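Residues per chain, in single letters:
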Amino acid sequence: MKITTHMHWKKQYVLGVGSNGPVYLATPFSAKNYLKIVAVKSAEVDKEESFVLQKEGKILNQLKGSPYIIQCFGEDQSVEYARWTYNLLLECAPSGTLRDLILFNGRILESEAARYAYQLLMGLRHIHNKGFCHGDIKLSNILVFQSNKSVKIADFGSAKEVTSRKHLVFDVCSVGCIVAKMLTGNPTWFGGEIEKYQREIYGCDTNNEEFMDNSVSMMAKYFVINCLLCNFTGRLLNLDTLINHPFIQNAISTCEISIPSIVNDNPFGDYWVSERHLFTTTCEEWKAKIRRSINDKRAARCT
């Protein structure tokens, strides 16, 4: 169901920059605090990036109902500084990403890593059951909610309908990489992570001892191995098998899992909103931006 809220919001600052453009933190225009916030992915209308965002919004709308997947509140088109801009309205995670958590805190305790892995697997199971694969599971696409020690899967720009098992396998192998990163405290990520770990498991790559760190328990290692080799002959493991792995079950049986809410204070109500001019800028804002640009150029010339 699509509704219009007749509200005016303001993008306060950039949270980060994704493959399809910037992500902003936004609040109601008249707000004097950050009690109501949303994350906003933006791209110029009719550009390729805006079509990717629209596709992402449609997929997220079909994935509603899981507390382990970031929620999408709707969409907006606004005239921002003389440009038509498409905005995707998303649940905001002030604590940042799993990459941020590892970057600032280093290794994550095995019990906590297992609880995060459980939530990732539950989110993936929901995605796969709906006929989709995520296609880009990595540390920077996992949002952290410190208030209840939970994580949610975000950034569905690479998501698509499943047409072969290899799409599902890639998601599961990526979870194995994420758990290995949590247990070793290494926030780096590159395209060949899965293959690198698989080579280490088979002893083909001994230059990097990260995966074989002796501080990691054998049970945790076996879980990561099961994720990374889930499609190898004789294994063909599914998500339910991994969820029932002792590494996961021991952690969730000794500590009560706090199930995150499906939405964190949805400022738009219970419906998918389709807005116009939610972020449209006024002439005064446009003039102020021009003045800032002129002053910045003057300051640059003087330095």
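Look above for the structure.
What comes next is a walk through the structure.

Rules used in this analysis
Residues numbered from 1 in each chain as written. Predicted model: local features only at pLDDT ≥ 70, side-chain atom pairs only at ≥ 80, totals over all residues. Heavy atoms only, no water. Helix = DSSP H or I, 4+ residues; strand = E, 2+ residues; numbered from the N terminus. Buried < 20%, exposed > 50% of the residue type's maximum accessible area, 1.4 Å probe, protein only. Contact = heavy atoms within 4.5 Å. Areas by Shrake-Rupley, 256 points an atom, 1.4 Å probe, with all protein chains shown as cover. Core = buried A, V, L, I, M, F, W, Y, C linked by side-chain atoms within 4.5 Å. Salt bridge = Lys/Arg side-chain N within 4 Å of Asp/Glu carboxyl O. Axes fitted to C-alpha atoms, helices over the stretch in contact; angles between N-to-C directions. Parallel < 35°, antiparallel > 145°, perpendicular 65-115°, else oblique. Left-handed = near helix turned anticlockwise from the far one by under 90°. Nonpolar A, V, L, I, M, F, W, Y, C, P; charged D, E, K, R; others polar.

Okay, the overall build of the protein next. When helices and strands are counted, the protein shows nine helices and eleven strands. In the protein, which comprises 303 residues, the proportion classed as buried is 50%. Here the analysis covers contacts within the protein between residues at least 6 apart in sequence; of these, 68% occur between residues at least 24 apart. For the protein, the exposed area adds up to about 15300 Å²; of that, 52% sits on carbon and sulfur atoms.

Here the phi dihedral of Lys 149 falls at roughly 55 degrees; this positive angle occurs in a residue that is not glycine. Along the polypeptide, Lys 149 turns up in the loop between strand S8 (142-145) and strand S9 (150-153). A positive phi angle is found at Asp 155, which is not glycine, with a value near 60 degrees. The residue Asp 155 is located in the loop between S9 and strand S10 (160-161) in this model. Judged by its relative accessible area of 19%, Asp 155 is buried.

Turning next to the nonpolar core. Across soluble globular proteins, you tend to see nonpolar side chains buried next to one another. Core analysis: the biggest nonpolar cluster contains 71 residues, and Leu 98, Phe 156, Val 179, Met 182 and Phe 223 have the highest contact counts within it. When neighbours within four sequence positions are excluded, Phe 156 is seen to be in contact with Glu 56, Ile 59, Leu 60, Leu 63, Ile 69, Ile 127 and His 134. Counting residues in each nonpolar core, the second largest holds ten residues, with Val 38, Val 40, Phe 73 and Leu 89 among its members.

Relative to the elements of secondary structure, Thr 241 occurs in helix H7 (residues 239-243). The exposure class of Thr 241 is partly exposed, given its relative accessible area of 39%.

What follows deals with the pattern of salt bridges. Scanning the model with the defined rule gives eight salt bridges in all. Between Glu 80 and Lys 11 there is a salt bridge whose closest N-O contact spans 2.8 Å. Pair noted here: Glu 80 is in strand S5 (residues 72-80) and Lys 11 is in strand S2 (residues 9-18), with a separation of 69 residues, a long-range link. Across the pair, Lys 11 and Glu 80 agree in class, each one buried. The partner of Asp 240 in a salt bridge is Arg 125, with the nearest N and O atoms 2.6 Å apart. Highlighted residues: Asp 240 in helix H7 and Arg 125 in helix H3 (residues 110-129), separated in sequence by 115 residues.

Along the chain, Lys 47 turns up in the loop between strand S4 (38-44) and helix H1 (48-62). Lys 47 sits in the partly exposed class, given a relative accessible area of 41%. Along the primary structure Lys 47 and Tyr 86 are separated by 39 residues, whereas in three dimensions their C-alpha atoms are 9.5 Å apart.

So, about the packing of helix H4 (residues 165-184) against helix H6 (residues 218-228). Each pair of packed helices can be summarised by the angle the axes make with each other and by the distance between the axes. Viewed as axis vectors pointing N to C, H4 and H6 meet at an angle of 150 degrees, and their least axial separation amounts to 7 Å. As judged from the angle between their axes, H4 and H6 are roughly antiparallel. As H4 runs across H6, the sense of the crossing is left-handed. For the pair H4 and H6, contact is made by Val 172, Cys 173, Val 175, Gly 176, Cys 177, Val 179, Ala 180 and Leu 183 and by Ala 220, Phe 223, Val 224, Cys 227 and Leu 228, respectively. Grouping the constituent residues of the contact of H4 with H6 by class yields twelve nonpolar, one polar and no charged.

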